[in-house]
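Here is how the chains run, residue by residue.
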Amino acid sequence: MINATSTRIVNILADIRRLPEWNPAIFSVTTVDSLALVGKPYRIRAKLPGSPTITYDQITDDNVVWRVDGFQAHETGAWKLVPVADQKTEVAHTITHSGAIFRVLAGAFQTMPGLRLDRLQRRAEDSE
């Protein structure tokens, strides 16, 4: 549960320039866009080899879906948001991995959804 509206949370998730502030796997994003555009790949510096990109596949009031594509490493992330009260939203975050890099690192990213949720919660509740 996050003490913020789903609109507030979606705005944080789609704020592509500030993504590294709460997502521990991403160090920087190269963009002039302030909000992510669906379907547009953005170059990132991340905990992955090569020149990975992040692309948002869906941004709606109740779902945000994106994918990170790097050299032999692919992650799909989904955020499901369910408003439960005026200023309270249930948020679930799931990730799936594929590619040789993630097979080698199997298990190393199991705590990532929880870390992202904690940081997202702090960001959403601190700036209300």
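Look up: the structure comes first, before these words.
From a predicted model like this one, the values you see are computed outputs, not experimental measurements.

The rules behind the values
- Residues numbered from 1 in each chain as written.
- Predicted model: local features only at pLDDT ≥ 70, side-chain atom pairs only at ≥ 80, totals over all residues.
- Heavy atoms only, no water.
- Helix = DSSP H or I, 4+ residues; strand = E, 2+ residues; numbered from the N terminus.
- Buried < 20%, exposed > 50% of the residue type's maximum accessible area, 1.4 Å probe, protein only.
- Areas by Shrake-Rupley, 256 points an atom, 1.4 Å probe, with all protein chains shown as cover.
- Pairing = 2+ DSSP bridges.
- Axes fitted to C-alpha atoms, helices over the stretch in contact; angles between N-to-C directions.
- Contact = heavy atoms within 4.5 Å.

Peer 1: Break down the overall build of the protein for me, with residues and values.
Peer 2: What the protein contains, in helices and strands, is three helices and six strands. Within the span of the protein, comprising 128 residues, buried residues form 40% of the whole. On the protein, roughly 6,800 Å² of surface is accessible, and the fraction owed to carbon and sulfur atoms is 51%.

Peer 1: Residues and numbers for unusual backbone geometry, please.
Peer 2: Glycine aside, residues mostly have negative phi angles, and peptide bonds mostly take the trans form. Backbone geometry places glutamine 72, a non-glycine residue, at a positive phi of 55°. Within the secondary structure layout, glutamine 72 lies in the loop between β4 (63-70) and β5 (73-85). Take glutamine 72: its relative accessible area is 40%, and that puts it in the partly exposed class.

Peer 1: Any chance you could break down the sheet that holds strand β1 (residues 26-30) for me, citing the residues and the numbers?
Peer 2: Ordered in space as β1-β2-β3-β4-β5-β6, the six strands form an open sheet in which the pairing is antiparallel. In this open sheet, the two edge strands, each paired with only one partner strand, are β1 and β6 (88-98). Strand-to-strand twist across the sheet, computed as the mean angle between neighbouring axes with direction ignored, equals 25°. In the packing of helix α1 (residues 6-14) onto the sheet, contacts are made with β3 (53-59), β4, β5 and β6, and the angle to β5 comes to roughly 160°.

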